[in-house]
Structure formats: C-alpha cells, structure tokens
Amino acid sequence: MSDHINRQTWADKLRAYRKNPFSAFLFLLVVLSALITFAALLFLIGHILIRGIPHLTPSLFAWEHTSANVSMTHALINTISMVGLALLISGPLGIFSAIYLNEYAKRGSRLMNVVRMTAETLSGIPSIVYGLFGLLFFVTYLGWSFSLLAGAFTLSIMVLPLIMRTTEEALKAVPDSYREGSFALGAGKLRTIFKIVLGSAVPGILAGIILAIGRIVGETAALIYTAGTVAQLPDNVMSSGRTLAIHMWVLASEGMFVNQAYATAVVLLVIVVGINALSGLAAKKLKKG
Amino acid sequence: MATKQLEGFMKYVFMMAALASILAVALICVFLFAGGIPAMIEIGLFDFLLGRQWTPVDTPPSFGILPMVMGSLYVTLGAIVVGVPIGVLTAVFMSHFCPPFLYKVLKPATQLLAGIPSVVYGFFGLVVLVPFVRDHMGLIFGGNGSSIFTASILLGIMILPTIIGVSEAAIRAVPSSYYEGAVALGASHERSVFFAVVPAAKSGILTSVILGIGRAIGETMAVIMVAGNQARMPTGLFRGGRTLTANIVMEMGYAADLHRAALIATGVILFVFILLINLAFTILRRRGRS
C-alpha cells in the first residue's frame, strides 16, 4: 500500500520538471540517446531485411556457383565446415584448459595468472592481426597455403579465450557440494569431473560454444588471407574456399550484385541472430537448472 | 592402478591445453615481430613511423605509415565522440530510467547489436551512410561520401554495445545508498543519478571507453567499406583516409618482398597499439579493485 503514497503521477512529474528544467534536460538527453541507439539497430536490420528478402531467389541457392548467379550454396557449406573444423580444435582445448584452471590449478598460482593474462590478451587482438598471423604461420611457415584448415586453426585461436572464459564460469557455478558428494562416494577426480561437474555445466559451456559459432560465422578479416576467397566447394580441408561472410564482402565490394549482396546479408544476419538467440536460451537454462 | 595412471595422464592433458593460449600468444608475437621488425630496420624506424609517403610500388618505393596511423587515430577518435556519449547515456537509461517491460526487450537488443557481423555493418555503411553523407553533407563540406566522418559514425554505432554493456554493469554495481542518499537530500531523480551514481561508476565507464577504443582501432571490414582508403594524410573530416587495418587488407593480396614485410610491420604497430590498450585496461581494473 505504501507504494501508492510515494507514486508520482505524470502530472506530478511534469510539474517537477517545470520547476527544475535542468532535470528535464537530463531526462530528455537520456531518453534521446536510448532512442538513437535502438533506432539505429531497428533501421539497420529493417533496411537489410526489406531490401534483401525480395531478392532471396532460388538461383541464389543453386548448387553450381557461376559469376552470373552468384549462388551462396558453396559458401554456406564452407561456413559449416569451417565452424565444424574450428570447434573441433578450439572446443576441446578451451574446455580442457578451463577444467585445468578451475579444477586442478591452485588458486592464484603463477601459471594460472599467466594463462589468464594471455587469454585476456588474445581476446583483445583484432581479427586482422589473427589473419596476418595465420598467413605468416599456417599458410607460409607450415606451408598449408590458403586452405580451410589454415582458416580453421586461425579462428580457433581467436575463439579460444571466449570458450575458456564461458566454460570456466560454468564450472565455477557448479556447487562444491557436488564434487564433495562424488568424492565421498569413492569416485576419482577424473570421474567426478566428467560425470558430475561437466554434466551440470553443459548449458553454460554450450552457450559459450554457440557464441563462438556466431563469431566464426561472422568473421571476415581473419579469413581473407588464411582460407582465401575462392568461390568453390573445396575438395578437402587443404583447399581454399570462402565462407558466407567473405562471400558477402566480395559481393558488396565488387558492387555488381548489390541486390544479391542484400539477400546474402539477410541470410548471414538470420543465421547470426538465430545463433545468438540460441546461446541466450542455453544460458537461461543454466540459470534455471 | 590403471585409473591412477589415467588420472595422472589426464591432468597433464588438461595442463597442456591450458598452456595452448600461452603458446598462441608466444607464436603470434614471434611471427609478427620476426616478420615486421626487419622491415622497420631496413626502412628505418623513424622513416617508417613518421614518413608521410606510402608509395610501395613506385621506384624508389616509400614506406611511411604516418597517414595510416593518423587515419586510425582520427577514425577511432570520431567513433569515441559519436559512441561514448550515446552509449553511456543509453546505459544510464537502461539502469535507472527503463521500465522493466521495456528492459526485457532492450537488453537482448543491445546483445543483438553486438552480434551483427562487421561485414553487415560495413555493407550498411556502404549502401546507406555513404550515399547519405555524399548527398546531404557533400553539398556543404565536399567529398564523395566515403570519409573519416562516415567511418566515425559507423564505428560509433559498432562500439555502442561494448560501451552500453560495460557501463551499465558499472552503474548497476554502485550501491543503492548513493542514490537514496542523494534523493533524501532533496535532489531530483535525474540529478541523483547523474551527480551521485554515475560519478561513482566512472572507473567502470572509463573501462568501457578503453574497450571501445580497442574495438574501433582494430575494426577492419566495416571501415574499409566506408572510409575511402586513400593512402595519404587525411585532409579533412569529409575526406577519405586509410586506417592501419585497411592498409593490411588492401595490399596484402599482391605485396611482395619489402612491401609485404612493411605490411606485416603495419600489423606490428597495430598489435603494439592493442597491447598498450590492454595494459591501460589492466591497470584501470586493478585500481578499481583496490
């Protein structure tokens, strides 16, 4: 009931603002900024969808890519292979290192601090620097030339800190009583980790992995000089191929297929937004479960 | 017996995985520096950093990256000017002015803004912002639309989710007694928020700005589509410019020998910028903790 006593009506607020124009000005400023932010988002997404959806023609999904139909099927398949390959490398690495940091390393040990610092450094490095490193190391030094594999290794270093951090947070959220209970029943450390701890941390780990997929799908700069921009279905992991994001970049910068670029942007946007929504769902499940 | 060995073995497997990130950073440093530093020495560090001419295919070639350094700095500064006020004020809105039903929509929306790939931002800039700037600002200020101004606007939008997310968390972490105290002293809601709560969150807000700078300076694909990319000293807000990141992407495809090494050295400079930003971030966070 006391709520009602302290509640301001709009008329009260208006009166208060008239007495205190500076407060009104601050209020306007805040609301205006929020409006600008969300108007920009709505305009961007609306513009791409409205201009792009009418151009989603069947020829854009034709099996054979020609310079006339600029089909994106090969790019979609390449994107899926890239995601699979990169996760195959970064998934176990990221999850295992998070297990080490959370379950084995002593709190505040020097190794742990160094690992954490390097992971933070990695997450701040821009994707073009990853691309440059991939070109120097995987493509040139290891002699893999432009290939899916070189791109996948480059991307797995890029998403490693993300997977590490989210997995570590998920492991931290598992109550110690679970571990103690498992130990008390005679299970070893390994069995406890794999059967008890990882099991209850799955939604959190999944949320991180899905976020990583989103980054891989949207990545361009790290892939141009590692996976290359050839428009083809690669024969194996050692041949070059462009992902959807690169395909989109080539279309947009050539400027010959603007409508098709819009349509490709729609597909890219829908995939990335869907992936992010999925990650949010997984994270929510973690909170509930 | 077998399980005990497995236990020990797996511990080493986990440890090896943890060492992977250290190895990655070490490899990145070694290969970037080994590829770039010889070029800097050959060109001369002074000529490389402060040279105003980037004409890699002329004879004799000239490798001065000052235009690109300035391009990156201007574009980043522009992004901060556009993105920080709007971002911080939006964070204030989200934390203290937003009704709960709206918050449920707006919070995922900011995450959506963070998830949009930079090529899509770049494409949006290319088909919407560039023509807009050309047609509406070009009459007064000149230029063809691809400019530092356009890139600043686009990057300003791109760093919004970083600024909003980190600032909002910082503002929410301020104890509610600050706000309550201010209101109890008779200050209005707006004044309490702006003069009691926000100043208390300033180190968190500064962190968000630093993260935003890191994102803006490293952004490649979006900038390359709207900034014009002319490799000369930027002459005005509405004229084109080239950033360090764009320099690498544009020329790496055909560069050879010293030109290629100079591009790698460009990457080294970018990398050093990022390391400095990370350092600032770490120092700031340590200070925030103590």
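All residue numbers here refer to positions counted from 1 along the written sequence of the relevant chain. Naming scheme: in the order in which they are written, chains are lettered from A and ligands are numbered from 1. Two thresholds apply to this predicted model, a pLDDT of at least 70 for residue-level local features and 80 or more for giving and counting side-chain atom pairs, whereas whole-chain, interface and lining totals are computed over all residues.

## Notes on the overall build of chain B
Next, step 1: To qualify as a helix, a DSSP run of H or I must reach at least 4 residues; to qualify as a strand, a run of E must reach at least 2; elements of each kind are numbered from the N terminus. When its secondary structure is counted, chain B shows twelve helices and two strands.
Next, step 2: If you list the helices and strands of chain B from N to C, you get α-α-β-β-α-α-α-α-α-α-α-α-α-α.
Next, step 3: Over its C-alpha atoms, taken along the principal directions, chain B stretches across nearly 80 × 75 × 35 Å.
Next, step 4: Each of the 290 residues in chain B was classed as buried or not, and the buried ones make up 50%.
Next, step 5: A sequence separation of at least 24 residues applies to 73% of the contacts in chain B between residues at least 6 apart. Three exposure classes are used, all based on how many other C-beta atoms lie within 10 Å of a residue's own C-beta (placed from the backbone): buried at 20 or more, exposed at 12 or fewer, and partly exposed between those limits. By the convention adopted here, residues are in contact when the distance between their C-beta atoms, placed from the backbone, does not exceed 7 Å.

## Here we look at the overall build of chain A
Next, step 1: Along the backbone of chain A there are eleven helices and zero strands.
Next, step 2: The helix and strand sequence of chain A, counted from the amino end, reads α-α-α-α-α-α-α-α-α-α-α.
Next, step 3: Computed over the C-alpha atoms, the radius of gyration of chain A is 25 Å, more than 25% above the 19 Å expected from 2.2 N^0.38 for a compact globule of 289 residues.
Next, step 4: Burial status across chain A gives 47% buried among its 289 residues.
Next, step 5: A separation threshold of at least 6 residues defines the contact pool for chain A, and within that pool the share at least 24 residues apart is 74%. Just to be clear, the radius of gyration here is over C-alpha atoms, and the globule rule we use is 2.2 Å times residues to the power 0.38.

## A few points about the interface of chain A and chain B
Next, step 1: Counting residues at the interface gives 69 residues for chain A and 65 residues for chain B.
Next, step 2: Those elements that provide at least two residues to the side of chain A that touches chain B are helix H3 (21-52), helix H4 (73-104), helix H5 (110-124), helix H6 (127-141), helix H7 (148-172), helix H9 (189-218), helix H10 (244-254) and helix H11 (258-288) of chain A.
Next, step 3: The nonpolar class holds Ala, Val, Leu, Ile, Met, Phe, Trp, Tyr, Cys and Pro. Asp, Glu, Lys and Arg form the charged class, and all remaining residues, Gly among them, are polar. A per-class count over the side of chain A that touches chain B returns 50 nonpolar, 17 polar and two charged.

## Observations regarding the domain arrangement of chain A
All names here are of chain A.
Next, step 1: Segmenting chain A into domains produces domain 1 (2-55) and domain 2 (62-288).
Next, step 2: In this structure, domain 1 and domain 2 have C-alpha centres spaced 37 Å apart.
Next, step 3: Across the contact, seven residues belong to domain 1 and seven residues belong to domain 2.
Next, step 4: Among the residues making up the side of domain 1 that touches domain 2, the classes are represented as four nonpolar, two polar and one charged. For the domain bounds, the source is a domain assignment made automatically or taken from a database.

## Remarks on the nonpolar core
The nonpolar side chains of a soluble globular protein tend to be buried, and buried together.
Next, step 1: Each nonpolar core reported here comprises buried Ala, Val, Leu, Ile, Met, Phe, Trp, Tyr and Cys residues connected via C-beta atoms within 7 Å. The biggest cluster of nonpolar side chains holds 179 residues, and the ones touching the most others in it are A:Met248, A:Ala265, B:Val120, B:Phe123, B:Leu154, B:Leu155 and B:Val226.
Next, step 2: Ignoring sequence-local partners within four residues, the contact set of B:Val120 consists of A:Ile48, A:Ala265, A:Leu268 and A:Leu269.

## As for the packing of helix H3 (residues 66-97) of chain B against helix H9 (residues 202-218) of chain B
Residue and element names in this part refer to chain B.
Next, step 1: Where H3 meets H9, the axes come as close as 9 Å, and the angle between the chain directions of the two elements is 140°. The orientation of H3 with respect to H9, classified from their angle, is oblique. Relative to H9, the crossing made by H3 is right-handed. Each of Ser-72, Val-75, Thr-76, Ala-79, Ile-80, Gly-83, Val-84 and Val-88 in H3 lies in contact with H9, whose residues at this interface are Ile-205, Val-209, Gly-212, Ile-213, Ala-216 and Ile-217.
Next, step 2: Tallied by class, residues from the contact of H3 with H9 come to ten nonpolar, four polar and no charged. Orientation is described by axes fitted as lines to C-alpha atoms, over the contacting stretch for helices, and by angles from 0 to 180 degrees between their N-to-C directions. Should an angle lie under 35 degrees it is considered roughly parallel, over 145 roughly antiparallel, and from 65 to 115 roughly perpendicular; all remaining angles are considered oblique. The handedness criterion is simple: a crossing whose near helix is rotated anticlockwise from the far helix by less than a right angle is left-handed, and one whose near helix is rotated clockwise is right-handed.

## What to know about the domain arrangement of chain B
Residue and element names in this part refer to chain B.
Next, step 1: When cut into domains, chain B gives domain 1 (2-50) and domain 2 (66-289).
Next, step 2: Here the C-alpha centre of domain 2 lies 29 Å away from the C-alpha centre of domain 1.
Next, step 3: Taken together, the contact pairs 13 residues of domain 1 with nine residues of domain 2.
Next, step 4: Broken down by secondary-structure element, the contributors of at least two residues to the side of domain 1 that touches domain 2 are helix H1 (2-43) and helix H2 (45-50).
Next, step 5: Per-element tally for the side of domain 1 that touches domain 2: the top contributor is H1, with ten residues.
Next, step 6: For the side of domain 1 that touches domain 2, the residue count by class is ten nonpolar, two polar and one charged.

## Thoughts on unusual backbone geometry
Next, step 1: Along the chain, B:Thr59 connects to B:Pro60 via a cis peptide bond; the corresponding omega equals -10°.
Next, step 2: With respect to the helices and strands, B:Pro60 occurs in the loop between strand S1 (54-55) and strand S2 (62-63).
Next, step 3: Unusually for a residue other than glycine, A:Ser145 sits at a positive phi of about 50°.
Next, step 4: Tracing the backbone shows A:Ser145 in the loop between H6 and H7.
Next, step 5: One non-glycine residue, B:Asp257, lies in positive phi territory at about 50°.
Next, step 6: Judged by the 10 C-beta atoms lying within 10 Å of it, B:Asp257 is exposed.

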